[in-house]
Amino acid sequence: MPIILHSKGSRERKANIMNNHVFYPVLNKKYPLIVKAEGIYQWDDTGKRYTDACCGAVVSGIGHGVKEINDAIKSQLDEVAFAHRFKFTNRPVQELAALIAELAPADINWVSFMSGGSEATETAMKMAREYWIEKGIPSKYKVIARWQSYHGNTLGALSMSGHLARRRRYAPMLAAFPHAAPCYCYRCPFFKQSSDCGLECVQNIEEIICQEGPENVAAVIVEPVVGSTLGAAPPRDGYMQELRRICDKYDVLFISDEVMTGMGRTGKIFAVEHWDILPDMICLAKGVSGGYAPLGAVAVREKIHAAFRNGSGRFAHGFTFGGNPLAAAAGVAVIRYVLDHRLADAAAQRGQSLLDKLTALQAKYPAIGDVRGLGLMTGIEFVADRSTKQPFDPTLSLTDKIVSKALENGLMLYGSAQCADGIQGDAVMIAPPLITTEEQLDEIVYLLDKTLEQVLPA
Ligand code: PLP
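Residues numbered from 1 in each chain as written. Predicted model: local features only at pLDDT ≥ 70, side-chain atom pairs only at ≥ 80, totals over all residues. Heavy atoms only, no water.

A.B. asks: How should I be thinking about the overall build of the chain in this particular structure?
C.D. replies: The number of helices and strands found in the chain is 14 helices and 15 strands. Its C-alpha atoms give the chain a radius of gyration of 22 Å, near enough to 23 Å, the size a compact globule of 458 residues would have. Projecting the C-alpha coordinates of the chain onto the three principal axes gives extents of approximately 60 × 60 × 60 Å. Across the 458 residues of the chain, 54% fall into the buried class. Counting only contacts in the chain whose residues sit at least 6 apart along the sequence, the fraction spanning at least 24 positions is 71%. Carbon and sulfur atoms make up 54% of the accessible area of the chain, which totals about 20600 Å². (Helix = DSSP H or I, 4+ residues; strand = E, 2+ residues; numbered from the N terminus. Rg over C-alpha atoms; globule rule 2.2 N^0.38 Å. Buried < 20%, exposed > 50% of the residue type's maximum accessible area, 1.4 Å probe, protein only. Contact = heavy atoms within 4.5 Å. Areas by Shrake-Rupley, 256 points an atom, 1.4 Å probe, with all protein chains shown as cover.)

A.B. asks: Teacher, can you tell me more about the packing of aromatic side chains here?
C.D. replies: Aromatic ring pairs are defined here through the distance separating the ring centres and the angle between the ring planes. One pass over the structure, following the stated rule, counts five aromatic pairs. On the numbers, 4.8 Å between centres and 75° between planes, the contact of Tyr 131 with Trp 132 is edge-to-face. Exposure remark for Tyr 131: the relative accessible area of 4% places this residue in the buried category. Seen in terms of ring centroids, Phe 308 and Phe 315 are 5.5 Å apart; in terms of plane orientation they differ by 75°. Their pairing is edge-to-face. Phe 308 gets classed as buried once you look at its relative accessible area, which sits at 8%. (Phe/Tyr/Trp six-rings, centres within 6.5 Å; stacked < 30°, edge-to-face > 60°.)

A.B. asks: Sorry if this is basic, but what is going on with the pairing of strand β3 (residues 49-52) here?
C.D. replies: Side chains on a regular strand alternate between the two faces of the sheet. Summarising the sheet, strand β2 (residues 41-44) and β3 pair through three bridges and their orientation is antiparallel. Note on β3: the bridge partner recorded for Trp 43 is Arg 49. As consecutive antiparallel partners, β2 and β3 are separated by four residues, and within that stretch Gly 47 has a phi angle of approximately 95°, a positive value. Judged from the two bridges that link them, β3 and strand β13 (residues 411-412) form a sheet pairing that is parallel. For Asp 52, the partnering residue across the bridge sits in β13 and is Met 412. (Pairing = 2+ DSSP bridges.)

A.B. asks: Help me out: how do you make sense of helix α5 (residues 117-134) in this one?
C.D. replies: An α-helical segment advances 3.6 residues per turn. Residues three or four places apart therefore align on the same side. With 18 residues, α5 should cover 26 Å at 1.5 Å per step; its first-to-last C-alpha distance of 25 Å lies within 8% of that length. Of the residues making up α5, those classed as buried are Gly 117, Ala 120, Thr 121, Glu 122, Thr 123, Ala 124, Met 125, Met 127, Ala 128, Glu 130, Tyr 131 and Trp 132. Immediately beyond the C-terminal end of α5, within one or two residues, lies Gly 136, with a positive phi of roughly 80°. (Expected span 1.5 Å × (residues − 1).)

A.B. asks: Would you explain empty space enclosed by the protein in this entry?
C.D. replies: It is a probe the size of a water molecule, rolled over the atoms, that shows where empty space is left. Evaluation of the coordinates by the stated rule reveals one cavity of 30 Å³ or more. Counted as a void, the largest cavity has a volume near 50 Å³. The wall of the largest cavity is formed by Val 58, Val 59, Gly 61, Met 260, Gly 262, Met 263, Arg 265, Gly 287 and Leu 434. The class makeup of the residues in the lining of the largest cavity is five nonpolar, three polar and one charged. (1 Å grid on protein atoms, 1.4 Å probe; cavity = no way out; pocket = protein on both sides within 12 Å on 5 of 7 lines; lining within 4 Å. Points joined across faces, edges and corners; volume = space filled by probe spheres on them. Nonpolar A, V, L, I, M, F, W, Y, C, P; charged D, E, K, R; others polar.)

A.B. asks: Would you mind going over helix α8 (residues 200-212) with me for this structure?
C.D. replies: Along its 13 residues, α8 runs 18 Å from first to last C-alpha, staying within 8% of the 18 Å computed at 1.5 Å per residue. Burial in α8 covers these residues: Glu 200, Cys 201, Val 202, Asn 204, Ile 205, Glu 206, Ile 208 and Ile 209. Residues of α8 that are buried make contact with β5 (142-146), β6 (179-180), β7 (217-222) and α9 (239-249). Downstream of α8 by one or two residues, Gly 213 has phi in the positive range, about 90°.

A.B. asks: What exactly am I supposed to notice about the site of the ligand here?
C.D. replies: As a matter of local geometry, the ligand sits amid Gly 116, Gly 117, Ser 118, Tyr 150, His 151, Gly 152, Glu 223, Asp 257, Val 259, Met 260 and Lys 286. Within the contact set of the ligand, an oxygen atom lies 2.8 Å away from a backbone nitrogen or oxygen of Gly 117. Lys 286 is positioned with one of its side-chain polar atoms (N or O) 2.9 Å from an oxygen atom of the ligand. Within the complex, 82% of the 390 Å² of free accessible area of the ligand lies under protein. (Near = heavy atom within 4 Å. Polar contact = N/O pair within 3.5 Å; in protein donor to acceptor, adjacent residues only side chain to side chain.)

A.B. asks: Would you mind showing me how to read the domain arrangement of the chain here?
C.D. replies: The extent of an interface is frequently quoted as the accessible surface area lost upon association of the parts. When cut into domains, the chain gives domain 1 (11-62 + 343-455) and domain 2 (68-340). Taken over C-alpha atoms, the centre of domain 1 sits 25 Å from the centre of domain 2. Tallying the contact residues gives 41 residues for domain 1 and 38 residues for domain 2. Carbon and sulfur atoms supply 60% of the area buried between domain 1 and domain 2, which totals about 3000 Å² over both sides. The largest share of the area that domain 1 buries against domain 2 comes from Ile 62, Leu 374 and Met 377, three residues that together contribute 24% of it. Taken together, domain 1 and domain 2 are joined by one salt bridge. Linking Glu 381 and Arg 187 is a salt bridge whose minimum nitrogen-to-oxygen distance equals 2.8 Å. There are 15 residue pairs in polar contact (both at pLDDT 80 or more) connecting domain 1 and domain 2. For the side of domain 1 that touches domain 2, the secondary structure elements donating two or more residues are α2 (55-58), α12 (343-364), β11 (368-374), β12 (377-382) and β14 (414-415). (Domains from an automatic or database assignment. Buried area = accessible area lost by both parts, 1.4 Å probe. Salt bridge = Lys/Arg side-chain N within 4 Å of Asp/Glu carboxyl O.)

A.B. asks: Quick question: what am I supposed to make of the environment of Glu 381 here?
C.D. replies: Position of Glu 381 among the secondary structure elements: in strand β12. The exposure class of Glu 381 is buried, given its relative accessible area of 0%. Taking the C-alpha atoms as reference points, Glu 381 and Met 429, separated by 48 residues in sequence, lie 8.9 Å from one another. Once you skip the residues sitting within four places of it in the chain, Glu 381 turns out to touch Tyr 184, Tyr 186, Arg 187, Ala 367, Ile 368, Gly 369, Asp 370, Arg 372, Cys 419, Asp 426 and Ala 427. Here Arg 187 takes part through its side chain, which lies 2.8 Å from a polar atom of the side chain of Glu 381.

A.B. asks: Would you mind going over the packing of α8 against α9 with me for this structure?
C.D. replies: If you want to describe how two helices pack, look at the angle between their axes and the distance between the axes. Closest axis-to-axis distance for the α8/α9 pair is 9 Å, and the angle between their directions is 15°. By the angle between their axes, α8 is roughly parallel relative to α9. Relative to α9, the crossing made by α8 is right-handed. On α9, the residues touching Cys 201, Val 202, Ile 205, Glu 206 and Ile 209 of α8 are Tyr 239, Glu 242, Leu 243, Arg 245, Ile 246 and Lys 249. Its residues assigned to classes, the contact of α8 with α9 comprises seven nonpolar, no polar and four charged. (Axes fitted to C-alpha atoms, helices over the stretch in contact; angles between N-to-C directions. Parallel < 35°, antiparallel > 145°, perpendicular 65-115°, else oblique. Left-handed = near helix turned anticlockwise from the far one by under 90°.)

So this is what it looks like as structure tokens:
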């Protein structure tokens, strides 16, 4: 059959219709063309300025256009851009691993690299599986996660993710990993109040470990503060410590997915430091390179590295771009910037101020049901009725409307739609760069207020 080439004219017409040839996530939408970025702002090609109140997807922790980072990447580019990880090591990857090991709690001393968050959680899942094979207990393979969680979009990561809307289309292709109740105090799955809470949600993880049989369970994975699927929901006091105790009791690995919370976002370099617990693995991405390069990492305890070292001597899984010198150079420069500018402390301080400002906004809008968060990872959940916590009708797509209207107003927000149960519920996250000043927080809240006035029912 002959191949019919389109004429140039018809190709141009097609390109105009589709904006260009990029296969965008939302096909009937015209995306603004970003041409400049500096601090907490980005500009499109018409000169319109956007205030980045969510770091894209909680990525750009140190803000945009930082010269030191650009210089570090350029200088690495002049030395070597790529060296394959099976044959070589490189200076920035060694430096980055040493830096993460130094900052991570206790004996979390070994770091594996990849290009993003899904690759990080997928790696943690497979490393947990291989760890038990190395230890001579090959029956352990299941990973327990929680409902209303997000651990990434590759099939392994999505199998762990407990978000109905994101799973639905791929459901037949997912591994049958068990899911426990979320720690979601605003809508407690056990209908408890703060006064009579017995941490039933963490007990639920213990029950599931027992139902599945501890001899089959490799790991439990949790986001310390649940991000995109729960709109910045921190755990209740005692939850993380109790989870550590349960994992120890049944010989199950504890994976802390800090893809969103890592590198200062919550007011500590790693969120687990808030509860003084030692996970067995920490997954990182997003803030670890602040968006300057695609980078992910899994940092693990001595016992995990030792199992491989003293066992087969190999960890089979990995990706071509794992340990890429350019990405690692970006990571080193970004972490140094976070440390030099004490950005974790800044996040703690500004985060409290932001929570106060958002709580003040709650007095104006009855539709704001909850304001929550930790450090500069904050969220607000919207309800049709504050007294019953009834969510808005999901066909209204309220979260999308708020996020789009905000963008029109020059404000970037991160939507956490379907937060109530994976089907309904509306929330947005406000998680600006850790360099945000008090005046810029006021500007963000002003634009948010303006947006809510335009979108929320009177
Ligand atoms: N884990 C968490 C907690 C996340 O928030 C995300 C992304 O939002 C991921 C994993 C997946 O990261 P990526 O989009 O870089 O693959």
